Amino acid sequence: MDRNNELHWFVGLVKSCQERKVAEVLTSMGVESYLPIQRVKRVWSDRVKLVDKLVLPRYIFIHTTENNRVPLLQGVYGLASFIARGTGHPIVVPDVQMGRFMQMVAASMGNLYFSTVPLAPGDEVTILEGTLAGLTCEIVKLQGSKWAVVRLGAFGNIMTTVDVNVVRRMVNTVN
């Protein structure tokens, strides 16, 4: 089979505030797409409401062929480009990883945070939500892609397990 006619998950970059419209147009064209949306609680001073939040604003995942990718760019208003590597080749997300990502978005109870910075043992991270929000700690061990065991505090080996979706890696800056 010609590789240019195989279905792949490409990462599309969408013009600002056009994510849902692009998804609708792709669906009307018979093209499968995935717009990661999560239902989250928003708290105001007078009420609490469930709202739909884009997990990755300005991005949409499109299941199409290499041969159909460029015509989609030309024919779908709001679809600005496809994310590419430094070589210019578009990024393809393997089906297995895409399935896991979809499952994570569907099952997650808390806000999801996206980072292109990989996490590894020894990294310092800040916990973004939950009872430990604001705490800076060190990753001791990663268990799959969902949980990280972290060391808390500088004085001992107090450890807990934290969902990696709620941590952000600290960036070291040199003055």
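Residues numbered from 1 in each chain as written. Predicted model: local features only at pLDDT ≥ 70, side-chain atom pairs only at ≥ 80, totals over all residues. Heavy atoms only, no water.

Caption draft 1: Molecular detail of the packing of aromatic side chains. One pass over the full model with this rule turns up 4 aromatic pairs. Ring centres of Phe-10 and Phe-82 lie 5.9 Å apart, and the angle between their planes is 70°; this geometry places the pair in the edge-to-face category. With a gap of 72 residues between them, Phe-10 in strand β1 (residues 7-14) and Phe-82 in strand β6 (residues 79-82) connect regions that are remote in the sequence. Since its relative accessible area comes to 1%, Phe-10 is described here as buried. Note on Phe-82: relative accessible area 8%, which makes it buried. Residues Tyr-34 and Phe-101 carry aromatic rings whose centres are separated by 6.0 Å and whose planes lie at 90° to one another, so their mutual orientation is edge-to-face. Taken together, the residues span a long stretch of sequence, with Tyr-34 in strand β2 (residues 32-34) and Phe-101 in helix α3 (residues 95-107) at a distance of 67 residues. No difference in accessibility class separates Tyr-34 from Phe-101, as the two residues are buried. A network of ring pairs unites the aromatic residues Tyr-34, Phe-61 and Phe-101 as a single cluster. Here Arg-47 stacks its cationic end above the ring of Trp-44, 4.6 Å away from the centre of that ring. Its end group placed over the ring of Phe-10, Arg-69 keeps NZ or CZ at 5.8 Å from the ring centre. (Phe/Tyr/Trp six-rings, centres within 6.5 Å; stacked < 30°, edge-to-face > 60°. Helix = DSSP H or I, 4+ residues; strand = E, 2+ residues; numbered from the N terminus. Buried < 20%, exposed > 50% of the residue type's maximum accessible area, 1.4 Å probe, protein only. Lys NZ or Arg CZ within 6 Å of the ring centre and 35° of its normal.)

Caption draft 2: Structural context of the pairing of strand β8 (residues 124-127). Examined bridge by bridge, β8 and strand β9 (residues 136-143) share 3 bridges and lie antiparallel to one another. Following the sheet pairing, Glu-124 is matched in β9 by Glu-138. For β8 and strand β12 (residues 167-169), the ladder comprises 3 bridges, and the chain directions are antiparallel. Each residue of the ladder has a partner; that of Val-125, found in β12, is Arg-169. (Pairing = 2+ DSSP bridges.)

Caption draft 3: Representation of the nonpolar core within the structure. Grouped together as the largest cluster of nonpolar side chains are 14 residues, with contacts concentrated most on Val-22, Leu-26, Ile-60, Ile-62, Leu-72, Val-76 and Leu-79. Counting only elements with at least two residues in this core, the list comes to β1, α1 (19-28), β5 (59-65) and β6. Examining the composition of this core, we find that 3 residues originate from one element, α1, more than from any other. Ile-62 has contacts with His-8, Trp-9, Phe-10, Leu-26, Val-31, Glu-32, Ser-33, Leu-72, Leu-79 and Phe-82, leaving out every residue within four places of it along the chain. Membership of the second largest hydrophobic core comes to 11 residues, among which are Trp-9, Val-55, Leu-56 and Val-93. (Core = buried A, V, L, I, M, F, W, Y, C linked by side-chain atoms within 4.5 Å. Contact = heavy atoms within 4.5 Å.)

Caption draft 4: Region of interest: α1. Those residues of α1 not exposed but buried are Glu-19, Val-22, Ala-23 and Leu-26. Viewed end-on, α1 has its buried residues packed into an arc of 100°, placing them on one side of the element. Lining the buried residues of α1 we find β1, β2, β4 (48-54), β5, α2 (66-75) and β6. Just downstream of α1, Gly-30 is the residue with a positive phi angle, here 80°. (Arc of directions from axis to C-beta.)

Caption draft 5: Fine view of the pairing of strand β3 (residues 37-43). Of the strand pairs in this sheet, β3 and β4 are connected by 7 bridges, and their pairing is antiparallel. Note that in β4 the partner of Arg-42 across the bridge is Lys-49. Between β3 and β4, which pair antiparallel in sequence order, lie 4 residues.

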